[in-house]
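Commentary on secondary and tertiary structure
Each chain, letter by letter, is given below.
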Amino acid sequence: MTLSRGETFELKVTPDPYVAIRYAGASGDFNPIHIDEEFARSVGLPARILHGLWTMAQVARAHTEAAGGPERLRSLSVQFRGMGMLGAEITVTGTVRAVEGAVATVDSEARQGGRRIIRNGVAEVTVD
Amino acid sequence: MPPATDAIGKIYPATVYAVGREKVREYAAAVGETSPLHFDLVAARDAGYADVVAPPMFAVVYAGHSVVQGIFDPELGIDFAHLVHGGQAFSWGPLVVAGEEIETATTVKEISARGELSFYVFESVSRNRSGKTVCIGTWTNIVRSGG
């Protein structure tokens with residue numbers, strides 16, 4: 001697939017209530033703020049929250065699906081801001097900033113309910 | 001009080017992570033991957049890979065095993081109650097597939113303060129058994145002090 005300058009892509013995903021449980025098991029990150037509702041509230045959170053790295057994996061997936069495969073994602077850098085909540089739709093957007101040779105530089109962010117939970121995403125993706 | 005910076009440059013003992021086929025499938029399912037390369041052995045082999053392919057972000061699993069040494073290092077004394085994951089960067093080499101063993105070395109790259117925020121940045125370098133670098137990770141942890 002080709003990604004040309006100025007092109008945008010989008011991925012929408014709604015994390016179901018058990019995503020954080022499955023991701024804890026898959027990743028080994030069992031921080032109770034992600035898996036224990038009572039604990040999360042006891043430390044002042046509104047509810048259990050998503051793992052930031054799960055959300056980053058959605059940003060990565062937006063790129064690999066747009067570019068045509070996992071081998072095309074060469075680098076990805078993000079900043080985490082705010083909290084990702086379970087049960088509410090997340091929209092990842094990517095915008096191709098530049099293409100030089102076979103490498104596209106893509107800016108990205110992830111929003112949930114109008115809040116940017118990942119920002120300043122920058123990726124390098126190989127293109128045909 | 002700004003954090004002590006003596007540990008900058010500290011290198012933790014390398015860890016080795018054995019990538020399992022079912023672990024790759026479990027991780028890929030947990031993050032919603034749809035490509036058959038992550039699940040289907042035949043599809044992966046048809047595409048030229050020796051086994052199912054780990055999604056790039058699977059680096060958090062094999063490299064995370066190494067980075068936790070820094071996060072839990074008493075010399076750094078990171079205050080978990082006020083710790084947030086501020087940023088993350090990865091750059092990737094060849095894709096990792098099930099059956100590989102990945103060795104990761106983590107170093108303390110930066111300790112700094114900005115206002116009441118302390119920054120602890122770790123760098124992980126992961127290599128496969130052929131010596132190829134499969135992933136370099138930069139893990140930025142932020143601790144809010146004085147709160």
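Read on for an overview of the structure. Here the structure is a predicted model, which means the values were calculated and not measured. (Residues numbered from 1 in each chain as written. Chains lettered and ligands numbered in written order. Predicted model: local features only at pLDDT ≥ 70, side-chain atom pairs only at ≥ 80, totals over all residues. Heavy atoms only, no water.)

Bringing the overall build of chain B into the picture now. Helix and strand counts for chain B come out as four helices and five strands. Starting at the N terminus, the α and β elements of chain B follow one another as β-α-α-α-α-β-β-β-β. Along the first, second and third principal axes, the C-alpha atoms of chain B reach 55 × 30 × 20 Å. Looking at chain B as a whole, 48% of its 147 residues are labelled buried. Surface exposure of chain B reaches about 6700 Å², of which carbon and sulfur atoms provide 56%. (Helix = DSSP H or I, 4+ residues; strand = E, 2+ residues; numbered from the N terminus. Buried < 20%, exposed > 50% of the residue type's maximum accessible area, 1.4 Å probe, protein only. Areas by Shrake-Rupley, 256 points an atom, 1.4 Å probe, with all protein chains shown as cover.)

Here we come to the pattern of salt bridges. All chains considered together, the criterion is met by 19 salt bridges over all chains. Residue Asp16 of chain A pairs with Arg22 of chain A through a salt bridge whose shortest N-O separation is 2.8 Å. Overall, Arg22 of chain A belongs to the partly exposed group, its relative accessible area being 41%. Among the salt bridges present, the one from Glu26 of chain B reaches Lys23 of chain B, with a minimum N-O distance of 3.2 Å. (Salt bridge = Lys/Arg side-chain N within 4 Å of Asp/Glu carboxyl O.)

Residue and element names in this part refer to chain A. Of all the 10 residues making up strand 4 (residues 103–112), seven are buried; the element is thus mostly covered by neighbouring parts of the structure. Two elements, strand 3 (residues 90–100) and strand 4, share 10 bridges in a ladder whose sense is antiparallel. When the sheet's bridge partners are listed, Ala98 is paired in strand 4 with Thr105. Between strand 3 and the antiparallel strand that follows it, strand 4, lie two residues; Gly101 among them carries a positive phi value of about 60 degrees. One ladder, built from nine bridges, connects strand 4 with strand 5 (residues 115–126); its direction is antiparallel. When the sheet's bridge partners are listed, Thr105 is paired in strand 5 with Glu124. The antiparallel hairpin formed by strand 4 and strand 5 contains two residues in its connecting segment, where Gly113 sits at a positive phi of about 55 degrees. (Pairing = 2+ DSSP bridges.)

Turning next to the interface of chain A and chain B. The partner chain B presents 27 residues to the 25 residues of chain A that form the contact. Of the roughly 2000 Å² buried between chain A and chain B, counting both surfaces, carbon and sulfur atoms make up 60%. Among the residues of chain A in contact with chain B, Ala26, Pro70 and Arg74 of chain A are the three that bury the most area, contributing 26% of the side total. Viewed at the interface, chain B and chain A are joined by zero salt bridges. (Contact = heavy atoms within 4.5 Å. Buried area = accessible area lost by both parts, 1.4 Å probe.)

All names here are of chain A. When you line up the elements, Thr8 lands in strand 1 (residues 8–13). Taking the C-alpha atoms as reference points, Thr8 and Pro32, 24 residues apart in sequence, are found 36 Å from one another. With sequence-adjacent residues up to four places away left out, Thr8 is seen in contact with Gly94 and Thr95.

In this section: the packing of helix 1 (residues 19–27) of chain A against helix 1 (residues 21–30) of chain B. As a packed pair, helix 1 of chain A and helix 1 of chain B sit with axes 9 Å apart at the nearest point and diverge in direction by 150 degrees. Judged by the inter-axis angle, helix 1 of chain A sits roughly antiparallel to helix 1 of chain B. As helix 1 of chain A packs across helix 1 of chain B, the resulting crossing turns out to be left-handed. Taken together, the residues of helix 1 of chain B that come into contact with helix 1 of chain A (itself represented by Arg22, Tyr23, Gly25 and Ala26 of chain A) are Lys23, Glu26, Tyr27 and Ala30 of chain B. Split into classes, the residues belonging to the contact of helix 1 of chain A with helix 1 of chain B amount to four nonpolar, one polar and three charged. (Axes fitted to C-alpha atoms, helices over the stretch in contact; angles between N-to-C directions. Parallel < 35°, antiparallel > 145°, perpendicular 65-115°, else oblique. Left-handed = near helix turned anticlockwise from the far one by under 90°. Nonpolar A, V, L, I, M, F, W, Y, C, P; charged D, E, K, R; others polar.)

The next point concerns the sheet that holds strand 4 of chain A. What the 10 strands build is an open sheet, ordered 1(A)-3(A)-4(A)-5(A)-2(A)-2(B)-5(B)-4(B)-3(B)-1(B); its pairing is antiparallel. The open sheet has two free edges, formed respectively by strand 1 of chain A together with strand 1 (15–18) of chain B, since each of these has just one partner strand. Put simply, the sheet's adjacent strands are angled 20 degrees from each other on average, direction ignored.

Let us look at unusual backbone geometry. Backbone geometry places Asn120 of chain A, a non-glycine residue, at a positive phi of 55 degrees. One can find Asn120 of chain A in strand 5.

The next subject is helix 4 (residues 52–67) of chain A. Residue and element names in this part refer to chain A. With 16 residues, helix 4 extends 23 Å from end C-alpha to end C-alpha; this agrees with the ideal 22 Å at 1.5 Å per step. In terms of burial, helix 4 is largely enclosed, as 14 of its 16 residues are buried. Positive backbone phi, approximately 105 degrees, marks Gly68, located one or two places after helix 4. (Expected span 1.5 Å × (residues − 1).)

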